[in-house]
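Given next are the chains, with one letter for each unit.
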Amino acid sequence: METLFAVLIGILFAGSIYLLLSRKLVRILIGIAILGNAVNLLIFTAGRLTRDVPPIIPENSYFPLEATANPLPQALVLTAIVISFSFLAFFLVLGYRTYQELGTDDLLEMRVAEPKEHSEPPQGY
């Protein structure tokens with residue numbers, strides 16, 4: 001099962017990096033969302049996929065009596081989901097406003113703030 005998740009995580013990372021290298025803003029935003037999901041799945045898988053009982057310690061004991069699930073990766077992933085959702089929502093609004101102001105989602109056409117002498121790559125490249 002963990003091998004299947006490792007392959008899936010690799011596919012998600014490869015797809016997100018491909019989208020992040022694009023010139024279109026919408027593809028970059030989708031790549032950011034996929035990258036966040038890939039990282040969450042990586043953290044969750046690194047915490048071992050088990051069907052153990054919840055980590056509840058009985059009253060007259062100092063440690064669990066049987067094998068329990070590790071709650072730390074679950075807590076980290078839950079926090080990361082909330083943060084990545086707010087991050088993506090902010091970038092969606094920022095991208096929409098940029099599209100409204102400039103009329104394009106192509107990153108090379110968005111270079112209006114740069115001086116003309118720096119807008120083109122140097123000769124020889």
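For the structure, check the block above.
The model shown is predicted, which means the values in this text are computed figures rather than measured ones. (Residues numbered from 1 in each chain as written. Predicted model: local features only at pLDDT ≥ 70, side-chain atom pairs only at ≥ 80, totals over all residues. Heavy atoms only, no water.)

Enquirer: Please explain the overall build of the protein chain as it appears in this structure.
Expert: Scanning the protein chain for helices and strands turns up three helices and zero strands. Counting from the amino terminus, helix and strand elements in the protein chain follow one another as α-α-α. The buried share of the protein chain, reckoned over its 125 residues, is 18%. Considering only residue pairs separated by 6 or more positions, the protein chain has 54% of its internal contacts joining residues 24 or more positions apart. Here the protein chain displays about 9800 Å² of accessible surface, and carbon together with sulfur accounts for 67% of that area. (Helix = DSSP H or I, 4+ residues; strand = E, 2+ residues; numbered from the N terminus. Buried < 20%, exposed > 50% of the residue type's maximum accessible area, 1.4 Å probe, protein only. Contact = heavy atoms within 4.5 Å. Areas by Shrake-Rupley, 256 points an atom, 1.4 Å probe, with all protein chains shown as cover.)

Enquirer: Help me out: how do you make sense of the pattern of salt bridges in this one?
Expert: Any two side chains of opposite charge can pair if their charged atoms end up close together. Evaluated as defined, the whole model comprises three salt bridges. Between Asp 105 and Lys 24 there is a salt bridge, with its nearest N and O atoms 3.8 Å apart. Of this pair, Asp 105 sits in the segment after α3 (71-102) while Lys 24 sits in the loop between α1 (2-20) and α2 (25-46), and the two are 81 residues apart along the sequence. Note that Arg 97 is salt-bridged to Glu 101, the shortest N-O span being 3.1 Å. In this pair, Arg 97 and Glu 101 both sit in helix α3, four residues apart, roughly one turn of the helix. Classification of Glu 101 by relative accessible area gives exposed; the value is 57%. (Salt bridge = Lys/Arg side-chain N within 4 Å of Asp/Glu carboxyl O.)

Enquirer: When you look at α3 in this model, what are you seeing that I'm missing?
Expert: For an α-helix, the turn length of 3.6 residues means that residues three or four places apart are oriented alike. Here α3 contains 32 residues, and its C-alpha end-to-end distance of 46 Å stays within 8% of the 46 Å for a straight helix at 1.5 Å per residue. Restricting attention to buried positions, one finds in α3 the residues Pro 73, Val 77 and Gly 95. Each element contacted by the buried residues of α3 is listed here: α2. Just past α3, the residue Gly 103 takes up positive phi, approximately 75°. (Expected span 1.5 Å × (residues − 1).)

Enquirer: Sorry, what's going on with the packing of aromatic side chains here?
Expert: Any aromatic ring pair is given by two values, namely how distant the centres are and how the planes are angled relative to each other. Evaluation of the coordinates by the stated rule reveals two aromatic pairs. Clustering of aromatic rings is evident, with ring pairs tying together Phe 87, Phe 90 and Phe 91. (Phe/Tyr/Trp six-rings, centres within 6.5 Å; stacked < 30°, edge-to-face > 60°.)

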